[in-house]
Amino acid sequence: MEINKINYGKGVKHQKMDKKPKRQFWFFTWLIHVLSVILMGRKTKIEKINMESLKGKPYVLLSNHHDFADFEVNSLATYPRRVNNIATLEGHYRRAWLLELCGCIPKRKFTTDPNLINQCETVLNEYKSILSIYPEARYTPIGTTAIIPDSYGQLIKRLGHPVCV
């Protein structure tokens, strides 16, 4: 038996990282919003400052990543607009199909992915949707910030769309 050979078992599908992202279905936009209202409650207050000029236009949404509630808060803030999140596959073993239906763009952690740039441009230019990015890509339960690589600034500049935080 080879030591370096890994047995992944039968039926394991490898995720294609170079395919065109799916636009979030309107039903999932609504469903995620309803679930967010139930989970977060109606007391969650979203304050939008200087957002009037972006009504109906695509933009990049940068968010910090504290916990899974971030997705609910983003849904409350962006509804009824469609959002495509960049999400890692590592935490969604065997559920990548669900991520795609929700409009997520799959990404592997700590890897360079040139296809991601094309996928981001498709979301913004073709779908006219909101592109949501969590640049820290980790949970920060104590509120400390992580170092954000310069490549995020280069990506934002290349995309050429407004940025919201």
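Quick caveat: nothing in here was measured; it's all calculated off a predicted structure.

Participant: Kindly report on the packing of helix 1 (residues 26–40) against helix 2 (residues 69–78), identifying the contributing residues and their values.
Facilitator: Following both chains from N to C, one finds helix 1 and helix 2 inclined at 115 degrees, their axes separated by 9 Å at the closest point. Relative to helix 2, the crossing made by helix 1 is left-handed. Where helix 1 approaches helix 2, its residues I32, H33, S36, V37, L39 and M40 are matched on the opposing element by A69, E72, V73, S75 and L76. Tallied by class, the residues present in the contact of helix 1 with helix 2 amount to seven nonpolar, three polar and one charged.

Participant: Please set out the packing of helix 4 (residues 115–126) against helix 5 (residues 150–159) residue by residue, giving values where relevant.
Facilitator: Where helix 4 meets helix 5, the axes come as close as 11 Å, and the angle between the chain directions of the two elements is 40 degrees. It follows from the interaxial angle that helix 4 and helix 5 lie oblique. Viewed along their axes, helix 4 and helix 5 form a crossing whose handedness is right-handed. When helix 4 is examined against helix 5, the residues I117, C120, E121 and L124 are found in contact with a partner set consisting of L155, R158 and L159. A per-class count over the contact of helix 4 with helix 5 returns five nonpolar, no polar and two charged.

Participant: Could you give an account of the nonpolar core, naming the residues involved and the relevant values?
Facilitator: If you look at the biggest cluster of nonpolar residues, it comprises 13 residues, and the most contacted ones within it are V60, I86, I105, C120, L131, I133 and L159. Put simply, the parts of the chain that give this core at least two residues each are helix 4, strand 4 (130–133) and helix 5. The element that contributes the greatest number of residues to this core is helix 4, accounting for four residues. Apart from the residues within four sequence positions on either side, L159 is in contact with V60, I117, C120, E121, L124 and L131.

Participant: Talk me through the pairing of strand 4; I want residue IDs and the actual numbers.
Facilitator: With burial as the criterion, each face of strand 4 is covered, one bearing I130 and S132 and the other bearing L131 and I133. Where strand 1 (residues 60–62) lies against strand 4, three bridges are found, and the strand directions are parallel. Paired with L61 across the two strands is S132, which belongs to strand 4. One ladder, built from three bridges, connects strand 2 (residues 83–88) with strand 4; its direction is parallel. Its bridge partner lying in strand 4, N84 is registered against L131.

Cut-offs used in this document
Residues numbered from 1 in each chain as written. Predicted model: local features only at pLDDT ≥ 70, side-chain atom pairs only at ≥ 80, totals over all residues. Heavy atoms only, no water. Axes fitted to C-alpha atoms, helices over the stretch in contact; angles between N-to-C directions. Helix = DSSP H or I, 4+ residues; strand = E, 2+ residues; numbered from the N terminus. Left-handed = near helix turned anticlockwise from the far one by under 90°. Contact = heavy atoms within 4.5 Å. Nonpolar A, V, L, I, M, F, W, Y, C, P; charged D, E, K, R; others polar. Parallel < 35°, antiparallel > 145°, perpendicular 65-115°, else oblique. Core = buried A, V, L, I, M, F, W, Y, C linked by side-chain atoms within 4.5 Å. Buried < 20%, exposed > 50% of the residue type's maximum accessible area, 1.4 Å probe, protein only. Pairing = 2+ DSSP bridges.

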